[in-house]
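# Observations on the three-dimensional arrangement
What follows is the residue order along each chain.
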Amino acid sequence: MKSLKKILSKRGYTKIPLVLTQTNHFEIIAKINGVSGRFILDTGASNTCIGMDKIGYFNLISEVSEIKAAGAGATEMETLISRKNSIELGEWFRKKQKIVLFDLVHVNEALTNHKVLPVDGIIGSDILKKGKAIIDYDKKLLYLKVKKDTVLQKNSPSQ
(Lines give C-alpha, C1' and ligand atoms only; values in the text may rest on other atoms or scores of the structure.)
Protein backbone atom coordinates (compact mmCIF):
# COMPACT_ATOMS: atom_id res chain seq x y z
CA MET A 1 0.00 0.00 0.00
CA LYS A 2 1.35 3.43 -0.95
CA SER A 3 2.02 5.93 1.79
CA LEU A 4 -0.12 9.04 2.15
CA LYS A 5 3.00 11.13 1.50
CA LYS A 6 3.64 9.47 -1.88
CA ILE A 7 0.01 9.66 -2.98
CA LEU A 8 -0.32 13.34 -2.09
CA SER A 9 3.05 14.23 -3.58
CA LYS A 10 1.93 12.77 -6.92
CA ARG A 11 -1.24 14.86 -6.69
CA GLY A 12 0.67 18.13 -6.23
CA TYR A 13 0.59 18.51 -2.47
CA THR A 14 3.42 19.86 -0.35
CA LYS A 15 3.97 18.82 3.24
CA ILE A 16 4.43 21.27 6.08
CA PRO A 17 5.59 20.13 9.53
CA LEU A 18 3.41 20.77 12.55
CA VAL A 19 4.49 20.92 16.18
CA LEU A 20 2.12 19.57 18.81
CA THR A 21 2.22 21.77 21.92
CA GLN A 22 1.51 20.85 25.53
CA THR A 23 -1.95 22.37 25.05
CA ASN A 24 -2.65 19.93 22.17
CA HIS A 25 -2.59 22.70 19.57
CA PHE A 26 -0.66 22.32 16.37
CA GLU A 27 1.76 25.15 15.70
CA ILE A 28 3.00 26.02 12.24
CA ILE A 29 5.55 28.46 10.85
CA ALA A 30 4.16 30.82 8.21
CA LYS A 31 5.53 33.83 6.38
CA ILE A 32 3.25 36.84 6.08
CA ASN A 33 4.52 39.46 3.63
CA GLY A 34 7.92 37.73 3.76
CA VAL A 35 8.14 37.81 7.58
CA SER A 36 8.25 34.54 9.50
CA GLY A 37 5.98 33.92 12.48
CA ARG A 38 4.49 31.23 14.75
CA PHE A 39 0.82 30.37 14.34
CA ILE A 40 -1.72 27.99 15.77
CA LEU A 41 -3.45 25.83 13.17
CA ASP A 42 -7.15 26.11 13.99
CA THR A 43 -9.66 24.20 11.86
CA GLY A 44 -12.48 25.89 13.79
CA ALA A 45 -11.35 29.45 13.05
CA SER A 46 -13.14 30.82 10.02
CA ASN A 47 -10.41 33.34 9.20
CA THR A 48 -6.66 33.61 9.45
CA CYS A 49 -5.87 36.13 12.18
CA ILE A 50 -2.91 38.05 13.51
CA GLY A 51 -2.61 39.93 16.78
CA MET A 52 -3.02 43.70 16.52
CA ASP A 53 0.33 44.11 18.24
CA LYS A 54 1.98 42.50 15.17
CA ILE A 55 0.68 44.95 12.52
CA GLY A 56 4.08 46.60 12.10
CA TYR A 57 6.04 43.37 12.41
CA PHE A 58 4.23 41.78 9.44
CA ASN A 59 3.97 45.03 7.43
CA LEU A 60 0.17 44.95 7.42
CA ILE A 61 -2.01 47.75 6.13
CA SER A 62 -5.26 47.68 8.06
CA GLU A 63 -8.69 49.21 7.85
CA VAL A 64 -11.73 49.22 10.10
CA SER A 65 -13.80 46.04 9.95
CA GLU A 66 -17.42 45.22 10.70
CA ILE A 67 -16.40 41.70 11.75
CA LYS A 68 -16.57 40.90 15.46
CA ALA A 69 -14.22 38.18 16.66
CA ALA A 70 -15.02 35.49 19.20
CA GLY A 71 -13.11 32.58 20.60
CA ALA A 72 -11.15 31.17 23.53
CA GLY A 73 -13.64 32.64 26.01
CA ALA A 74 -13.82 36.12 24.53
CA THR A 75 -16.68 37.47 22.40
CA GLU A 76 -17.56 40.61 20.43
CA MET A 77 -13.94 41.71 20.06
CA GLU A 78 -13.21 44.64 17.77
CA THR A 79 -11.25 43.77 14.65
CA LEU A 80 -9.37 45.36 11.79
CA ILE A 81 -8.87 43.80 8.38
CA SER A 82 -5.81 43.70 6.18
CA ARG A 83 -6.10 42.78 2.51
CA LYS A 84 -3.61 41.90 -0.23
CA ASN A 85 -1.09 40.12 1.97
CA SER A 86 1.17 37.32 0.83
CA ILE A 87 1.27 34.12 2.84
CA GLU A 88 3.69 31.21 2.62
CA LEU A 89 3.40 27.84 4.32
CA GLY A 90 6.33 25.76 3.14
CA GLU A 91 6.12 25.75 -0.67
CA TRP A 92 2.45 26.82 -0.62
CA PHE A 93 2.04 30.50 -1.48
CA ARG A 94 -0.82 32.91 -2.04
CA LYS A 95 -1.05 36.61 -2.81
CA LYS A 96 -3.97 38.83 -1.87
CA GLN A 97 -4.74 37.02 1.38
CA LYS A 98 -7.21 38.71 3.70
CA ILE A 99 -6.19 38.66 7.37
CA VAL A 100 -8.33 39.60 10.36
CA LEU A 101 -6.52 41.53 13.10
CA PHE A 102 -7.63 41.40 16.71
CA ASP A 103 -6.29 41.37 20.25
CA LEU A 104 -4.73 37.95 20.90
CA VAL A 105 -3.78 38.71 24.50
CA HIS A 106 -6.37 36.27 25.90
CA VAL A 107 -5.11 33.49 23.59
CA ASN A 108 -1.47 34.08 24.47
CA GLU A 109 -2.22 34.34 28.20
CA ALA A 110 -3.89 30.93 28.05
CA LEU A 111 -0.86 29.51 26.23
CA THR A 112 1.73 31.00 28.58
CA ASN A 113 -0.28 29.80 31.61
CA HIS A 114 0.37 26.29 30.26
CA LYS A 115 4.06 27.07 29.67
CA VAL A 116 3.65 27.32 25.89
CA LEU A 117 5.22 30.21 23.96
CA PRO A 118 2.84 32.90 22.66
CA VAL A 119 1.92 32.94 18.97
CA ASP A 120 1.68 35.67 16.36
CA GLY A 121 -1.65 34.49 15.01
CA ILE A 122 -3.96 31.75 13.86
CA ILE A 123 -4.09 29.95 10.52
CA GLY A 124 -7.79 29.40 9.92
CA SER A 125 -10.06 27.36 7.71
CA ASP A 126 -9.93 30.00 4.95
CA ILE A 127 -6.35 28.89 4.20
CA LEU A 128 -7.15 25.23 4.78
CA LYS A 129 -9.99 25.37 2.23
CA LYS A 130 -7.92 27.27 -0.36
CA GLY A 131 -5.11 24.75 0.01
CA LYS A 132 -7.42 21.70 -0.02
CA ALA A 133 -5.78 20.77 3.26
CA ILE A 134 -5.20 17.29 4.56
CA ILE A 135 -3.90 16.90 8.11
CA ASP A 136 -1.96 13.80 9.08
CA TYR A 137 -2.40 13.91 12.85
CA ASP A 138 -0.23 10.85 13.45
CA LYS A 139 2.78 12.16 11.52
CA LYS A 140 2.13 15.82 12.51
CA LEU A 141 2.04 17.06 8.92
CA LEU A 142 -0.18 19.45 7.02
CA TYR A 143 -0.53 18.87 3.27
CA LEU A 144 -1.59 21.73 0.99
CA LYS A 145 -2.16 21.52 -2.75
CA VAL A 146 0.32 23.67 -4.64
CA LYS A 147 -0.80 25.28 -7.87
CA LYS A 148 1.96 24.78 -10.42
CA ASP A 149 1.77 28.38 -11.62
CA THR A 150 1.86 29.72 -8.04
CA VAL A 151 5.43 28.53 -7.43
CA LEU A 152 6.51 30.25 -10.66
CA GLN A 153 4.70 33.47 -9.73
CA LYS A 154 6.26 33.51 -6.27
CA ASN A 155 9.77 33.25 -7.69
CA SER A 156 9.23 35.61 -10.60
CA PRO A 157 11.26 38.85 -10.69
CA SER A 158 8.10 40.94 -11.08
CA GLN A 159 7.36 40.66 -7.35
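Structure first, text after, so check above.
Here's what I pulled together on the structure shown here.

Cut-offs applied
Residues numbered from 1 in each chain as written. Predicted model: local features only at pLDDT ≥ 70, side-chain atom pairs only at ≥ 80, totals over all residues. Heavy atoms only, no water. Core = buried A, V, L, I, M, F, W, Y, C linked by side-chain atoms within 4.5 Å. Buried < 20%, exposed > 50% of the residue type's maximum accessible area, 1.4 Å probe, protein only. Helix = DSSP H or I, 4+ residues; strand = E, 2+ residues; numbered from the N terminus. Contact = heavy atoms within 4.5 Å. Pairing = 2+ DSSP bridges. Axes fitted to C-alpha atoms, helices over the stretch in contact; angles between N-to-C directions.

Inside soluble globular proteins, nonpolar side chains tend to come together where they are buried. Counting 23 residues, the largest nonpolar core has Ile 28, Ile 32, Phe 39, Ile 50, Leu 89, Ile 123 and Leu 142 as the members making the most contacts within it. Sorting the residues of this core by element identifies β3 (26-32), β4 (35-41), β9 (80-89), β10 (92-102), α3 (125-130) and β13 (141-145) as the ones contributing at least two each. Here the element with the most residues in this core is β3; it accounts for 4 residues. Every residue in contact with Ile 28, bar those within four places of it in the chain, is listed here: Ile 16, Pro 17, Leu 18, Gly 37, Arg 38, Phe 39, Leu 89, Ile 123 and Leu 142. Cys 49, Phe 102, Leu 104 and Leu 111 belong to the second-largest nonpolar core, a separate cluster that totals 11 residues.

This brings us to the sheet that holds β13. Taken in spatial order, the 3 strands of this open sheet run β1-β13-β12, and their pairing is antiparallel. Sheet topology places β1 (13-17) and β12 (134-136) at the edges, where each strand pairs with a single neighbour. Mean inter-strand twist for the sheet, computed between neighbouring axes without regard to direction, equals 25°. Pairing between β12 and β13: 3 bridges, direction antiparallel. When the sheet's bridge partners are listed, Ile 135 is paired in β13 with Leu 142.

Quick look at unusual backbone geometry now. At Lys 84, a residue that is not glycine, the phi angle is positive and equals roughly 60°. Relative to the helices and strands, Lys 84 is located in strand β9. Taking relative accessible area as the criterion, Lys 84 reaches 70% and is therefore assigned exposed. Although it is not a glycine, Lys 96 adopts a positive phi angle of roughly 60°. Along the chain, Lys 96 falls in strand β10. Under the relative-accessibility criterion, Lys 96 is labelled exposed at 67%.

So, about the environment of Lys 132. Its location among the elements puts Lys 132 in the loop between α3 and β12. When its relative accessible area of 52% is taken as the criterion, Lys 132 is described as exposed. Spatially, the C-alpha atom of Lys 132 lies 9.0 Å from that of Tyr 13, the residues being 119 residues apart in sequence. Sequence-distant contacts of Lys 132, that is, excluding residues within four places in its chain, are made with Tyr 13, Tyr 143 and Lys 145.

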